Protein chains: 2
Amino acid sequence: MDENVLIEAVPNFSEGRRTDVIDELTAAIQAPEVQLLHRASDWDHNRTVLTIAGPPQAVLRGLFKAIEVAIVRIDLGRQQGAHPRLGAADVVPLVPIRNISLDECVVLARQLGRQIGNELDLPVYLYAAAATRPERRNLADIRRGEYEALRQEIHRPARLPDFGPAKIGPAGAVIVGARSFLIAFNVFLRTADVAVAKAIARQIRESSGGLPAVKALGLLVDGQAQVSMNLVDFLTTPPHAVVEAIQREAIHLNTEIDRSELIGLIPQDAVLAAAASALLLPDLTTDRILEVALCQQTGSLCRAPQWRAKRCFGER
Amino acid sequence: MDENVLIEAVPNFSEGRRTDVIDELTAAIQAPEVQLLHRASDWDHNRTVLTIAGPPQAVLRGLFKAIEVAIVRIDLGRQQGAHPRLGAADVVPLVPIRNISLDECVVLARQLGRQIGNELDLPVYLYAAAATRPERRNLADIRRGEYEALRQEIHRPARLPDFGPAKIGPAGAVIVGARSFLIAFNVFLRTADVAVAKAIARQIRESSGGLPAVKALGLLVDGQAQVSMNLVDFLTTPPHAVVEAIQREAIHLNTEIDRSELIGLIPQDAVLAAAASALLLPDLTTDRILEVALCQQTGSLCRAPQWRAKRCFGER
C-alpha cells in the first residue's frame, strides 16, 4: 500500500448533547495525518457522527483514542436518545476511498476490533463486510434490543462477541466493520402523514423490489413525513434518480417533495451526475470543471476561485 | 499581487484543420507555470480555441509566443471557415480567476496589445472591458466585414487600431481584451426548424428582455436547431435556470430539448447549483463534497477517488 492510500471512518458516538464530551471526542480522533471531514451532533438522537479520512493506520490510531475517551465519558446506564445504540462508541465503519479495496478494509476492521477487545476490555461485534456470521452483516440485527437487552443476553451463543469479553459494562459494546461509501440522503414530503413516506419507501427500496442499492424507511421528523435513505452504491442508483422516483410516487399519492437533506458528504461524481441530469448534458465529466482543470497540474490551485468575494463577476 | 494570482486566457486562432499548425500553437503557448486547461478545434469553423491559466505574466508570455507562431503559419488570404475572423490570432480575452480584478486584467490586456503592436507590427484592437471606445466593447462590431473588409477600411478613423500600424498583412489584426468568466453553453432542440431556435433565443436573452446576463442566438447546427449562448454571469443566471426557461419556451412551440453542449469549462459553483436544483437540496455547498473536504487540508488529495477503477463499490 503506497502513501496515497486513504480510508474514511464514520464513528458514531452515543453523545449528542454535552459539548465538552463532543469536543473531547473530536480532539482525540485528530492527528496531523487525519482529516476531520464532517462533524454532526443531534440533541434528539443524542448522538455524534464524526467523518474522518487519512492513511489507514493513522485513522485506526485516532479511532482507538476517541473510543478510549467515549468509554470513560459516556455511561449507557444514563444515556438516552431517539437513536438505538449498543455502546458509548456505538458503530465504527471503515470505508475504502483511494488505492484500497473493501477486503483490505475488512482486515483493518478486524485489527481494530481485536485491539479494542484486548486493550480496552470491551465486547466487539464485527458487521457489514467484516462480519464473521451472515446474521451479523446487518447492523440493525446486532443492535436489536439495544444496550439494555444485550446486558441480559451477551452470554448466549448467538450474542457472543467477536473480540473481547462476554460481559458488558457502562460503555456497552462496540460494533466495528467495513462497508463501501454510502450517501445518507433524506427526502421530506409535503405531508405530515408518515404512512405516505412508508409507502414511498416500500416502493423505492431494493428489498421490496424497488431501485437497486437503495435502503429506505418512512419516518416522521419534526412533524413532516420523510423518506430516509442510504444509497449504498451511488454509481448504480445516483441520488437524482432517487429524487425522480420519489417525485413520481409522491404525485401518485397526491403529495410532492418539499426538499431533500444530505447527511455527511456526497462524492463529486454524484453531484456531477445530478448536474448532468439538470443540464441535459450527458457528457459532463470532471475534467470540464474549471477548478478541477486548474487542479490537475498544481495541487495548490484546487481551491475554488472565490467568485463573490473577489468580484470577478458583475463589475460591468 | 501575490503568487496565487491566476488569470485565464482563451485565445482563438483561425486554424482548425492543419494539425501540425494546431500542435505548434499549443506547444508555443505552454510553459511550466502555464496550464493548458482545454483545447478545441473545429473543422467547419476552421478555428482552434485554447484555454490556459496561470500567473499573469507567464500567461502573457505564452500568448505572445503563440501569436508569433500564428502570424507565420496562418495566411488569412487563404484561410476560410464558417466562423467570422479578423486575424490569424483572432481574439485574445483575459479573464480574472483568483486574487485579481477585471480592472487589473484590463491593464494586462493593454500591456499585451501594446507589445503585439510594437514588436510584431500587427494592428491591435482592444475590446470588452479593455475597449477604449464604447463602440469597440462588442466583439461582433469590431469584426464586422471580417478580414476582407478591414483590408479596405483600416485607414478610416473609425477603424484605426489601438496599437500597431494602420496597415494589414496576411495575418490580419488581433483583438485583445478583458472580460469576466463566461460559460459557453448550447442547447439542441428536437427540431430542424431554425426559426424555433431564433424565437427561443429572443425570449431568453437579456437584450430582448429575457434572462439577465444571457446572450443567445438561434442557429442551425448539423441540421438541428440550436440555441447558442454565452452566460456572462452564472451567479445571476446559472445554466440550469436557462435550461428550465428553454424547456418552457420549447413546450410552447411544440418541441423539446434534445441535449445540451458545453464549450470549454464550467465553474464548480454552476455544477453545484445545477445539482442542488436536481436534488432539491438548496443547502448543497462545496464543503459537503467528499473530494473537496479531502482537499481542504492536503492539496495533494484533491484528486477524485477512482471509484470505478478501484472497485470500491459493488463488490458485495
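Criteria and thresholds
Residues numbered from 1 in each chain as written. Chains lettered and ligands numbered in written order. Predicted model: local features only at pLDDT ≥ 70, side-chain atom pairs only at ≥ 80, totals over all residues. Helix = DSSP H or I, 4+ residues; strand = E, 2+ residues; numbered from the N terminus. Rg over C-alpha atoms; globule rule 2.2 N^0.38 Å. Buried ≥ 20, exposed ≤ 12 C-beta atoms within 10 Å, placed from the backbone. Contact = placed C-beta atoms within 7 Å. Pairing = 2+ DSSP bridges. Axes fitted to C-alpha atoms, helices over the stretch in contact; angles between N-to-C directions. Parallel < 35°, antiparallel > 145°, perpendicular 65-115°, else oblique. Left-handed = near helix turned anticlockwise from the far one by under 90°. Nonpolar A, V, L, I, M, F, W, Y, C, P; charged D, E, K, R; others polar. Core = buried A, V, L, I, M, F, W, Y, C linked by C-beta atoms within 7 Å. Domains from an automatic or database assignment. pLDDT = per-residue confidence, 0-100.

A tally of regular secondary structure across chain A gives 10 helices and 11 strands. Taking 20 Å as the expected radius of gyration for a compact globule of 316 residues, we find that chain A reaches 21 Å, a close match to that expectation. With the principal axes as the frame, chain A shows a C-alpha extent of 70 × 50 × 35 Å. Counting all 316 residues of chain A, 51% fall into the buried class. Pairs at least 24 residues apart make up 70% of the contacts formed inside chain A by residues separated by at least 6 positions.

Here the focus is the sheet that holds strand β11 (residues 257–263) of chain B. Sheet strands associate in pairs through backbone hydrogen bonding, adopting either a parallel or an antiparallel arrangement. All names here are of chain B. Ordered by their spatial adjacency, 4 strands build an open sheet running β9-β10-β8-β11, and the pairing between neighbours is antiparallel. The outermost strands of the open sheet, each flanked by one partner alone, are β9 (214–221) and β11. With direction set aside, neighbouring strand axes in the sheet form an average angle of 20°. By the bridge criterion, 6 bridges tie strand β8 (residues 183–189) to β11 in an arrangement that is antiparallel. Paired with Leu189 across the strands is Ile257, a residue of β11. The strands touched by helix α6 (residues 194–204) within the sheet are β8, β9 and β10 (224–231), with β9 carrying the most contacts at an inclination of about 180°.

Residue and element names in this part refer to chain B. The geometry of α6 relative to helix α7 (residues 239–252) is characterised by a closest axis approach of 10 Å and an angle of 130° between their N-to-C directions. By the criterion of interaxial angle, the relationship of α6 to α7 is oblique. Viewed along their axes, α6 and α7 form a crossing whose handedness is right-handed. Facing Ile200, Gln203 and Ile204 of α6, the residues of α7 in contact are Val242, Ala245, Ile246, Glu249 and Ala250. Residue composition of the contact of α6 with α7, grouped by class: 6 nonpolar, 1 polar and 1 charged.

Turning next to the pairing of strand β7 (residues 174–178) of chain A. Residues and elements named next belong to chain A. Burial analysis of β7 places 5 of its 5 residues in the buried class, the great majority of the element. Covered by surrounding structure in β7 are Val174, Val176 and Ala178 together with Ile175 and Gly177, the residues of both alternating faces. Direction of pairing for strand β5 (residues 89–98) relative to β7: parallel, over a ladder of 4 bridges. When the sheet's bridge partners are listed, Val91 is paired in β7 with Ile175. Sheet topology note: the strand β6 (residues 124–128)/β7 ladder contains 5 bridges and is parallel.

Let's shift gears to the nonpolar core. Ile7, Ala70, Ile175 and Ala275 of chain A together with Ala70, Ile175 and Ala275 of chain B are the most contacted members of the largest nonpolar core, which totals 211 residues. Not counting the four nearest positions on each side in its chain, Ala275 of chain B is found in contact with Val271, Ala274, Ala275 and Ala278 of chain A together with Leu284 of chain B.

A few words now on the domain arrangement of chain A. The assigned domain composition of chain A is domain 1 (6–178), domain 2 (183–284) and domain 3 (287–316). Distance between the C-alpha centres of domain 1 of chain A and domain 2 of chain A: 27 Å.

Our focus in this paragraph is the sheet that holds strand β10 (residues 224–231) of chain A. Residues and elements named next belong to chain A. Spatially, 4 strands are ordered β9-β10-β8-β11 in an open sheet, and the strand pairing comes out antiparallel. Strand pairing shows two members of the sheet lacking a second neighbour, β9 (214–221) and β11 (257–263), which therefore form its edges. In this sheet, adjacent strand axes meet at a mean angle of 20° when their direction is disregarded. Pairing of strand β8 (residues 183–189) with β10 involves 6 bridges; the strand directions are antiparallel. Counterpart to Phe185 in the pairing with β10 is Met229. Seen against the sheet, helix α7 (residues 239–252) touches β8, β9, β10 and β11 and runs at an angle of roughly 25° to β8.

Residue position: Thr132 of chain A is located in the loop between β6 and α4 (139–142). Discounting chain neighbours no more than four positions away, the residues touching Thr132 of chain A are Leu126 and Asp162 of chain A.

Once that is clear, we can look at the packing of helix α2 (residues 56–73) of chain B against helix α3 (residues 102–120) of chain B. Residues and elements named next belong to chain B. Two elements in contact, α2 and α3, have axes separated by 11 Å at closest approach and are oriented at 35°. Relative to α3, α2 is oriented so that their crossing is right-handed. Of the residues in α3, those in contact with Pro56, Leu60, Leu63, Phe64, Ile67, Glu68 and Ile71 of α2 are Leu108, Gln111, Leu112, Gln115, Ile116 and Leu120.

Attention now moves to unusual backbone geometry. Phi angles above zero are rare outside glycine, and Glu146 of chain A is one such case at about 60°. With respect to the helices and strands, the residue Glu146 of chain A is situated in helix α5 (residues 146–153). Even without glycine at this site, Asp222 of chain B takes up a positive phi of about 50°. Along the polypeptide, Asp222 of chain B turns up in the loop between β9 and β10. For Asp222 of chain B, a count of 8 C-beta atoms within 10 Å gives the class exposed.

This next bit is on the pairing of strand β4 (residues 47–54) of chain A. Residue and element names in this part refer to chain A. Of all 8 residues in β4, 8 are buried; the element is thus mostly enclosed. Neither face of β4 is open: one carries Arg47, Val49, Thr51 and Ala53, the other Thr48, Leu50, Ile52 and Gly54, and all of them are buried. Bridge analysis of strand β1 (residues 6–9) against β4 gives 3 bridges, and the strand direction is antiparallel. Across the sheet, Ile7 pairs through a bridge with Gly54, a residue of β4. Pairing geometry for strand β2 (residues 12–13) and β4, over 2 bridges, is antiparallel. Along β4, the bridge assignment pairs Asn12 with Val49. Pairing of strand β3 (residues 35–42) with β4, which is carried by 7 bridges, proceeds in the antiparallel orientation. The partner of Ala40 across the bridge, within β4, is Val49. Linking β3 to β4, which pair antiparallel, is a turn of 4 residues; within it Asn46 sits at a positive phi near 50°.

Before going further, it helps to spend a moment on the confidence of the model for chain A. Residue and element names in this part refer to chain A. On average, residues of chain A score 90 in pLDDT, and 92% of them are at 70 or above. Below pLDDT 50 for its whole length, residues 298–316 participates in 41 contacts with residues either more than four positions away or in separate chains. Under the prediction, the complex receives an ipTM of 0.79, its pTM being 0.79.

Moving on, we get to the environment of Ile263 of chain B. All names here are of chain B. Relative to the helices and strands, Ile263 is located in strand β11. The class of Ile263 is partly exposed, set by 19 C-beta atoms lying within 10 Å. With 78 residues separating them in the primary sequence, Ile263 and Phe185 have C-alpha atoms 6.1 Å apart. If we ignore the near neighbours within four places in the chain, the residues touching Ile263 are Ala40, Ala184 and Asn186.

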